Amino acid sequence: RSFWSCRDISRRMNYSSILDHLTNRGYKVSATEFCLFPALSIECSVAGYDVTLIHLKDEELTAMPSFFLKSPDKYGRIAHTLENKTLNVASICVNVPDSVSINFEVPERAFEESLKRHISLLERGLSDSKWNEEELLREFLAGWNHIQDQKYEDFLCLSDKGEFELLNILPPKKGVKYGLNACHFGIPQEFKQKPQFSVINDHINNRGKPKGVGCIVPLEKLIPAPWQSADLEEWYLEILKFISQDVFESLTRTLGQTRDHAFWLVFNADTPSGKTWFGIHFHLKNNIKSKKGLPLNREHLEFWELKAMNVRLFNKERVMPRSGAIQELQNKKVLLVGCGSVGSQIANQLASTGIGHITLSDPETFSLDNLYRHTLAAHYISWPKTWGLQTELSNKYPWLEVQVMFSELLSLRYENILNTFDLIIIAIGSPTQERIFHDYCIKNSVETAVINTWVEGYGIGGHAVLDIPDSKGCLRCAYVDPIDFSRGLGSNLNFLKPNQNLTKNLAGCGNAFLPYINLSALQTALITPNLAIKFLMGQLHSSSKVSWKGSDFDVIQAGFQVTDRYTQFSKSLEILPLLNSGCDLCND
């Protein structure tokens, strides 16, 4: 108990020192109370206005001190402020909390700096009307979210166009609070589903019939968001003026002539920070029984209640770049052979980059022996690995097409099939089969680049080799014997010496396995997609190799030996040329 008491005392800031410091700096500061909480009050002159700022006392300085503007109605609408009508104050946004490093050991300076920022923002907002108007538009969504109805916090619009189009509205599933099933869906009436499974198709098919109608309305101009939800009706009447005549006529012919109890309008407009999307839900008042058309004037608006909605675009143009995917990869096709511990991780990493088409090939089923170093969960036990991965990937990535095959590598030796892909990735850990496959590709002039990747045991490392046809360097370059420059049977990239029995078994020969933890598989699965993406994006034009080097602690403990390459290797994760001067194929 005494420990926590001391800790609490040590955390408390010395507000007397802060007050004295600000006073010495010329600020008119006093201790006060606000809503029964201890506070500081700062009175100052800003752009000819007498302004009072309020700071609620904190016990610990974890972010830049914040100040509220008292009686904000007196100053009109100021950018980067949000009014709380009940308390008659407005918050002022001057800092992005996570981007500011605070000198918590000298809080006086932090208070002075923050106060300067608050006053500077208010000064500009009150003195420069043009800047203030532009900033109100830049932060339009912040103002809109401030007045939104929490019921429509997640309205997902599947349109990828900003033009006028009609929407079918699918409401959330009853009783569901989380996930996509808790969201409203706005589906364009002309929306065409892809034939293969996707999370979007699944939600459209399982929601039943639409429960309402709406439309997308592009605006030629935007005005700042309403300050309060009570202002929404007047704001809507004003915004109708900024709908083009063609769109307004289309709106009148469609929803204006449709009789219903509810409508959803999804607006979009250009702002200084880009195209902004937001919405309004119209619902007939409780005392109105007969259906009516969408209100497009003041007279008809009296029958309706309006609620602000937060609209999120659920399309690849918005979601993919925002979440770190690369849209340029949507048309790329990758064949991944091997869906084990390394291959399953590669599949996930590839999908997350934005690749649009992945074909998975593996003849094996998922077993308990795979559980701790595979991406699949226990309920996929006994499933074909390809089916499990297809299900998981399709459920997570809406615009990914996943196809499956159950073939081993050597059953895929058909150049007409292999040439349909932009890249082939082999993650089977079988050097013999990989070299046989490579010979086939050479002799049959397969045009598709191939990455071979494998993880070594005991956490010592992993490797990936990119073989680009008609480029100097091939898989055989990674198998040139470093002693006599002959074609070796083991890769010269390896960190473990050959001819060592590295496998373990727990129940006889049939259960032999190479020991390594999932982190080793994951690390190998990170270098491989990185190599793949650089090639697919046109950043790599020559055959290349990359390795990651781990600790040799477990190797030594197990009594095994490392290669000279491990001892000398200092270019972990660095992409290097694959070409080996001793390769007879590349140096004919």
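These lines cover the structure that appears in this document, whether it is placed above or below. (Residues numbered from 1 in each chain as written. Predicted model: local features only at pLDDT ≥ 70, side-chain atom pairs only at ≥ 80, totals over all residues. Heavy atoms only, no water.)

1. With respect to the nonpolar core
- Counting 41 residues, the largest nonpolar core has Leu423, Ile425 and Leu466 as the members making the most contacts within it.
- With 8 residues, helix α15 (residues 518–536) is the single largest residue contributor to this core.
- What Leu423 contacts, discounting residues up to four positions off in sequence, is Lys333, Val334, Leu335, Thr448, Ala449, Val450, Ile451, Leu466, Ala532, Phe535 and Leu536.
- Formed by 37 residues, the second largest nonpolar core is a distinct cluster that contains Phe140, Ile147, Ile223 and Ala308. (Core = buried A, V, L, I, M, F, W, Y, C linked by side-chain atoms within 4.5 Å. Buried < 20%, exposed > 50% of the residue type's maximum accessible area, 1.4 Å probe, protein only. Helix = DSSP H or I, 4+ residues; strand = E, 2+ residues; numbered from the N terminus. Contact = heavy atoms within 4.5 Å.)

2. A few points about the sheet that holds strand β19 (residues 449–455)
- Taken in spatial order, the 8 strands of this open sheet run β17-β16-β15-β18-β19-β20-β23-β24, and their pairing is mixed. Looking at strand neighbours, the two that pair on one side only are β17 (401–405) and β24 (576–577), the edges of this open sheet.
- Pairing of β19 with strand β20 (residues 461–467) involves 6 bridges; the strand directions are antiparallel. Bridging from a neighbouring strand, Ile451 pairs with Leu466 of β20.
- Those strands touched by helix α12 (residues 385–396) are β16 (357–361) and β17, and its axis lies near 175° from that of β17. (Pairing = 2+ DSSP bridges. Axes fitted to C-alpha atoms, helices over the stretch in contact; angles between N-to-C directions.)

3. Focus: the pairing of strand β12 (residues 274–284)
- Among the 11 residues that make up β12, 8 are buried, leaving the element largely enclosed by the rest of the structure.
- Where strand β11 (residues 262–271) folds back onto β12 in an antiparallel hairpin, the turn is made up of 2 residues.
- When β12 meets strand β13 (residues 304–309), the two strands line up antiparallel, connected through 6 bridges. Pairing of Ile280 across the sheet is with Ala308, part of β13.

4. Considering the sheet that holds strand β5 (residues 81–84)
- With antiparallel pairing, 6 strands are arranged side by side in an open sheet as β1-β2-β3-β4-β6-β5. In the strand order of this sheet, the two ends are held by β1 (28–34) and β5, each with one partner. Neighbouring strand axes in the sheet, compared pairwise and without regard to direction, differ in orientation by 35° on average.
- Strand contacts of helix α2 (residues 15–24): β1, β2 (37–46) and β3 (49–56), with the helix running at about 140° to β1, the strand carrying the most contacts.

5. Quick word on a nonpolar patch on the surface
- Side chains of Trp383, Trp387 and Phe406 sit close together on the surface and give an oily, nonpolar patch of about 310 Å² of accessible area.
- As for its position among the elements, Trp387 is in helix α12.
- The exposure class assigned to Trp387 is partly exposed, which follows from its relative accessible area of 42%. (Patch = residues over 30% accessible without salt bridge, like charges linked within 9 Å, V, L, I, M, F, W, Y side chains within 5 Å. Areas by Shrake-Rupley, 256 points an atom, 1.4 Å probe, with all protein chains shown as cover. Salt bridge = Lys/Arg side-chain N within 4 Å of Asp/Glu carboxyl O.)

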